[in-house]
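As a plain string of letters, each chain reads:
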Amino acid sequence: MLNFDEDDNISFEYDEEEEEEEDDEEDDDTNIEADVEDSDDDASSFAFESDDNDHAENYKSNTTSNNNNQLDTPISKHLRDDSSVVGCNGTLYLPWSIEQFIQIKFLDALDKLKTFNLYGCSDDDLLIMLQYKKWQQEEVVNEFFDNHDKFYKKCGLLLGKDTNNQFEIVKNFSCFICCEDYKSTEVYSLTCNHQYCLKCYHHYINNEINNGRLITCIEPDCKFVIPHKDISHMYSLIESKHSVIIVEKTLLQNPLLIANARELINSKITYKWCPATDCSSFTELSISDVSCEAQKQSDLKNSNDISKVPIVGCFENHEFCFNCGYENHLPCPCWIVKKWIKKCEDDSETANWIDANTHTCPKCHTSIEKNGGCNHMTCRKCKYEFCWICFNKWSEHNNNYSCNRFRDDQKEEEIRRNKSRQTLERYLHFYKRYSIHETSMKGDKKTLRKIDEVTKIYMEDRRSKNEINNLSWIDIEFLPEAMRSLQNGRKTLKWTYCFAFYLASSNFSQIFETNQDYLNKSVEDLSEVFEKIMDKKNDDKVGTILKNKIKIINLSELILRRQKTLIKSAEENLLNGLLKFEID
Amino acid sequence: MAALPKRIIKETERLVSDPVPGITAIPSEENLRYFEVTIDGPNSSPYANGVFHLELYLPDDYPMCAPKVRFLTKIYHPNIDKLGRICLDVLKDNWSPALQIRTILLSIQALLGAPNPDDPLANDVAEDWKKDEKKAIEVAKEWTEKYASKKEYSEN
Ligand SMILES: [Zn+2]
Ligand SMILES: [Zn+2]
Ligand SMILES: [Zn+2]
Ligand SMILES: [Zn+2]
Ligand SMILES: [Zn+2]
Ligand SMILES: [Zn+2]
């Protein structure tokens, strides 16, 4: 039996002197936070930039880091070494971002091709030739020297003459596509001089771009190809209509190159997109032998050996399973995950029913909205403290965190109920916990994002006041690690309920449940610490973070330890047959 | 319903005021994006003397996306399947927003005049066509008489 030290009886440190204050004042505080929270797009993040610095540079850094995980320390990730990363159970992989892919597979090829000095070819031409030849620059060179007339024609380019692609403003223009008669409008045409209004061209390209192929002139049978740069320019022009600033898209942000990269990534089985909703990065499996890999993957389909589940990480450090494409679902084997997800989809109606019924205080029945991820609830009205999951008094949880188990407490009552009802309730018991942790993950994320922003603002503030001595990044370096550990811990916790649902009851299933209890406790504890830091009433948030530094670090390490123990023990006991799944 | 784009209004006007010989396209009263279409079988083809009914729908993305067209009249043709769907490049990959309802209908009429069993949609018909073209043409004629004669349709 595995035992944990009953360590850290954690008390939370922040001054709660001004416990009860008027609501109006709180609101002032939270308005700022709300703004911060919504600032995912570049437009609103302008608000945090100092005016004195040069705007151009600020803007650049803003747009490139746009997709990056806010929880990470701002380390530049654009440098890349080609050595694979080893995943938590030995899987070799390479995390990629789209920009990186475009840079390495497309733009580096362009740079190489440029060194060949292909006579009369502009960068626009070279990019088109490269994409036509699927970015094999040797093949471009070969075909070019083999028969450049023919090659040029195949690529939709004009040999020997300068291209005459034009964005121009034309008076009294009737567009053949939209049939509008414009007094004056922007028009685009290629060397063929087939003119259409910019709106139609943009609409057309937007439609064509999805298949990632080169795009020709709108005119049927006209083979002239639109250069990548013109596509960038067109998108910039259209987008600038909605804002004051015109920002020319770089080739890294080129819509056609992005679409083409997506196509290439989708078409290869060694690439897989990260399943996280706000993530656009992907991962490449480093394998030497594809057929061997296929065998391995099909073996995995029914295996209980969770040490073989290929957990990989993406560019933003999200862990996921390369086999089934879901997030890191350990301790569950892939086939259990598949079964569970199917079941949840089939039973989503019943699951919705509970959701709708659990939003009131168990004591005074005031409706309660859950904001953060912590499941330790305190009713605003009657101050009753309870557990969001089992609705029991919170104090009953402290020594023995036992709300995970499906106890046959009301046994006698249940005997009276019919069997199908029992199975449904059993399912609901586990599903509810599974889905609450899923929701809590989102709540945690929200809180963590706020903390991230608060510390960032604080840092900016310090910098402008030149009080470098007081606090630096080093002082809060522990935060991202702790945040990640909370998120990953809760993810594992979530999947333990799927695991437990299919688990046959035995002495060893009790060990699993004990491990689950421990993990649950430390996850909730850390979640609560973070949530309290962001409490509206706390006006020294950064101070509170520092005060609780040791505790946060301890809890975060505790989560990691307990998570590892749980998974390791499940892995061993599944392998030696002490844990078994029971499928109806 | 959203206002009808100018492009669709103009095309519709022209289809009515300047119709293509052998082709009619009338917009439905309830939905101006839905057209009832007839195409006369080309004279030198097995579909001669037949009148074929089709439906044509302009999706929201039109003209960026091709119109959706389908035969309603049963027809024996290697590039048209049992459900009346048509295998025609300009309705798929080779669609261009510069094409029109008019050009699409002309292409379909041309397809009736020149069946292409090497790019089949209805595999069994294409097989028959390649095996015994004479016989296939006979069947096409029979079907035309049976399902596409002017009299037949007006009775229904
Ligand atoms: Zn136009
Ligand atoms: Zn053209
Ligand atoms: Zn990711
Ligand atoms: Zn999996
Ligand atoms: Zn209450
Ligand atoms: Zn509980």
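Residues numbered from 1 in each chain as written. Chains lettered and ligands numbered in written order. Predicted model: local features only at pLDDT ≥ 70, side-chain atom pairs only at ≥ 80, totals over all residues. Heavy atoms only, no water.

Quick notes on the overall build of chain A
When its secondary structure is counted, chain A shows 19 helices and 11 strands. Looking at chain A as a whole, 46% of its 584 residues are labelled buried. In chain A, the proportion of contacts linking residues at least 24 apart, taken out of those at least 6 apart, comes to 63%. Total accessible area on chain A stands at roughly 31200 Å², and carbon and sulfur atoms take up 48% of it. (Helix = DSSP H or I, 4+ residues; strand = E, 2+ residues; numbered from the N terminus. Buried < 20%, exposed > 50% of the residue type's maximum accessible area, 1.4 Å probe, protein only. Contact = heavy atoms within 4.5 Å. Areas by Shrake-Rupley, 256 points an atom, 1.4 Å probe, with all protein chains shown as cover.)

Remarks on the environment of Thr492(A)
Residue and element names in this part refer to chain A. Residue placement: Thr492 occurs in helix 16 (residues 478–502). Considered as a pair, Thr492 and Leu519 are 27 residues apart in the sequence and their alpha carbons are 8.9 Å apart. Not counting chain neighbours up to four residues away, the residues in contact with Thr492 comprise Leu330, Pro331, Leu519, Gln563, Leu566 and Ile567.

Looking at the coordination of the zinc ion (ligand 3)
Those protein atoms acting as donors to the zinc ion (ligand 3) are Cys274(A) (SG), Cys279(A) (SG), Cys314(A) (SG) and His318(A) (ND1), and they sit at 2.0 to 2.3 Å. Bound by 4 donor atoms, the zinc ion (ligand 3) shows angles of 101 to 113° at the metal and therefore tetrahedral coordination geometry. (Donors = N, O, S within 2.8 Å, 3.2 Å for Na, K, Ca; no water. Tetrahedral: all angles 85-135°; square planar, octahedral: opposite > 155°, others 65-115°.)

Structural notes on helix 5 (residues 123–132) of chain A
All names here are of chain A. Within helix 5, 8 of the 10 residues are buried, leaving the element largely enclosed by the surrounding structure. Looking only at helix 5, the buried set comprises Asp124, Asp125, Leu126, Leu127, Ile128, Met129, Leu130 and Gln131. Positive backbone phi, at 55°, marks Lys134, one or two positions downstream of helix 5.

A few points about the sheet that holds strand 6 (residues 271–273) of chain A
All names here are of chain A. Across the sheet, which stays open at both edges, the 4 strands sit in the order 1-2-7-6 with antiparallel pairing between neighbours. In this open sheet, the two strands that pair with only one neighbour each are strand 1 (85–86) and strand 6. Two strands pair when backbone bridges link them, and strand 1 and strand 2 (residues 92–96) are joined in this way by 2 bridges, in the antiparallel orientation. Paired with Val85 across the strands is Tyr93, a residue of strand 2. Along the sheet, helix 4 (residues 98–114) contacts strand 2, strand 6 and strand 7 (282–285); its crossing angle with strand 2, the most-contacted strand, is approximately 95°. In this fold helix 10 (residues 255–266) packs onto strand 6 and strand 7, with an angle of close to 115° to the strand it touches most, strand 6. (Pairing = 2+ DSSP bridges. Axes fitted to C-alpha atoms, helices over the stretch in contact; angles between N-to-C directions.)

Quick look at the interface of chain A and chain B
Where interface size is given, it is often the accessible area lost as the parts come together that is meant. At the junction of the two partners, chain A supplies 14 residues and chain B supplies 12 residues. Taken together, both faces of the contact between chain A and chain B bury some 1200 Å²; the carbon and sulfur share is 60%. Lys6(B) serves as the salt-bridge partner of Glu180(A), at 3.7 Å between the closest nitrogen and oxygen. Linking chain A with chain B are 4 residue pairs in polar contact (both at pLDDT 80 or more), by the criterion used here. Residue contributions to the side of chain A that touches chain B peak at 4 residues, all from helix 8 (residues 198–208) of chain A. (Buried area = accessible area lost by both parts, 1.4 Å probe. Salt bridge = Lys/Arg side-chain N within 4 Å of Asp/Glu carboxyl O. Polar contact = N/O pair within 3.5 Å; in protein donor to acceptor, adjacent residues only side chain to side chain.)

Some remarks on the nonpolar core
Across soluble globular proteins, you tend to see nonpolar side chains buried next to one another. If you look at the biggest cluster of nonpolar residues, it comprises 57 residues, and the most contacted ones within it are Trp340(A), Leu479(A), Trp495(A), Phe499(A), Phe530(A) and Ile552(A). Elements represented by at least two residues in this core include exactly helix 12 (334–346), helix 15 (419–465), helix 16, helix 17 (507–533), helix 18 (541–547) and helix 19 (549–575) of chain A. Ranked by the residues each element gives to this core, the list is headed by helix 16 of chain A, at 13 residues. Shared between two domains, this core holds at least three residues of each, these being domain 4 (268–336) and domain 6 (423–575) of chain A. Each residue touching Leu479(A), except ones within four places of it in the same chain, is listed here: Ile451(A), Thr455(A), Phe530(A) and Ile545(A). Formed by 39 residues, the second largest nonpolar core is a distinct cluster that contains Val69(B), Phe71(B), Leu99(B) and Ile108(B). (Core = buried A, V, L, I, M, F, W, Y, C linked by side-chain atoms within 4.5 Å. Domains from an automatic or database assignment.)

What about the sheet that holds strand 4 (residues 68–71) of chain B?
Residue and element names in this part refer to chain B. Strand order in the open sheet formed by 4 strands is 1-2-3-4, with antiparallel pairing between adjacent strands. For this open sheet the edge positions go to strand 1 (23–27) and strand 4, each flanked by a neighbour on one side alone. Ignoring which end each strand starts from, the neighbouring axes of this sheet average 20° apart. Pairing geometry for strand 3 (residues 51–57) and strand 4, over 4 bridges, is antiparallel. Within strand 4, the residue paired with Leu56 across the bridge is Val69. Against the sheet, helix 2 (residues 101–113) contacts strand 1, strand 2 (34–40), strand 3 and strand 4, and its axis sits at roughly 35° relative to strand 2.

Considerations on the packing of helix 12 of chain A against helix 16 of chain A
Residue and element names in this part refer to chain A. Between helix 12 and helix 16, whose axes approach to 10 Å, the crossing angle comes to 95°. Between helix 12 and helix 16, the crossing angle belongs to the class labelled roughly perpendicular. Taken together, the residues of helix 16 that come into contact with helix 12 (itself represented by Ile336, Val337, Lys339, Trp340, Ile341 and Lys343) are Trp495, Cys498, Phe501 and Tyr502. Split into classes, the residues belonging to the contact of helix 12 with helix 16 amount to 8 nonpolar, no polar and 2 charged. (Parallel < 35°, antiparallel > 145°, perpendicular 65-115°, else oblique. Nonpolar A, V, L, I, M, F, W, Y, C, P; charged D, E, K, R; others polar.)

Re the confidence of the model for chain A
All names here are of chain A. Looking at chain A, the pLDDT average stands at 78 and 73% of residues meet or exceed 70. Taken as a whole, residues 18–79 scores under 50 in pLDDT and shows 64 contacts with residues more than four places along the chain or in a different chain. Every residue in residues 407–418 is under pLDDT 50, and counting partners more than four places away or in other chains gives 5 contacts. (pLDDT = per-residue confidence, 0-100.)

Some details on the UniProt feature "active site" (unreviewed entry) in chain B
Residues and elements named next belong to chain B. Within this numbering scheme, the UniProt entry marks Cys87 as carrying the feature "active site" (unreviewed entry). When you line up the elements, Cys87 lands in the loop between strand 4 and helix 2. Judged by relative accessible area, Cys87 falls into the buried class, the value being 13%. Leave out the neighbours within four places in its chain, and Cys87 touches Asn79, Lys92, Leu111, Asp119 and Leu121. (UniProt positions renumbered as here; feature names shortened; annotations may be inferred.)

A word on the side chain of Asp125(A)
Residue and element names in this part refer to chain A. As for its position among the elements, Asp125 is in helix 5. It turns out Asp125 is buried and unbridged, and the closest side chain with the opposite charge, Lys229, is 9.3 Å from it. In contact with Asp125, other than residues within four places in its own chain, are Gly120, Tyr152 and Leu157. (Lys, Arg positive; Asp, Glu negative; His and termini not counted.)

What about the pattern of salt bridges?
Side-chain pairs of opposite charge can arise where the charged atoms are in close proximity. Residue and element names in this part refer to chain A. In the structure shown here, the tally under the stated rule is 23 salt bridges over all chains. Across the salt bridge formed by Asp111 and Lys114, the nearest N and O atoms sit 4.0 Å from each other. Placement of both Asp111 and Lys114 in helix 4 is noted, with a separation of 3 residues, approximately one turn of the helix. Residue Asp111 is classed as partly exposed on the basis of its relative accessible area of 40%. The partly exposed category is assigned to Lys114, whose relative accessible area is 34%. Of the charged contacts in the structure, one is a salt bridge between Arg490 and Glu524, with a shortest N-O distance of 3.1 Å. Remark: Glu524 occurs in helix 17 and Arg490 occurs in helix 16; sequence separation between them is 34 residues.

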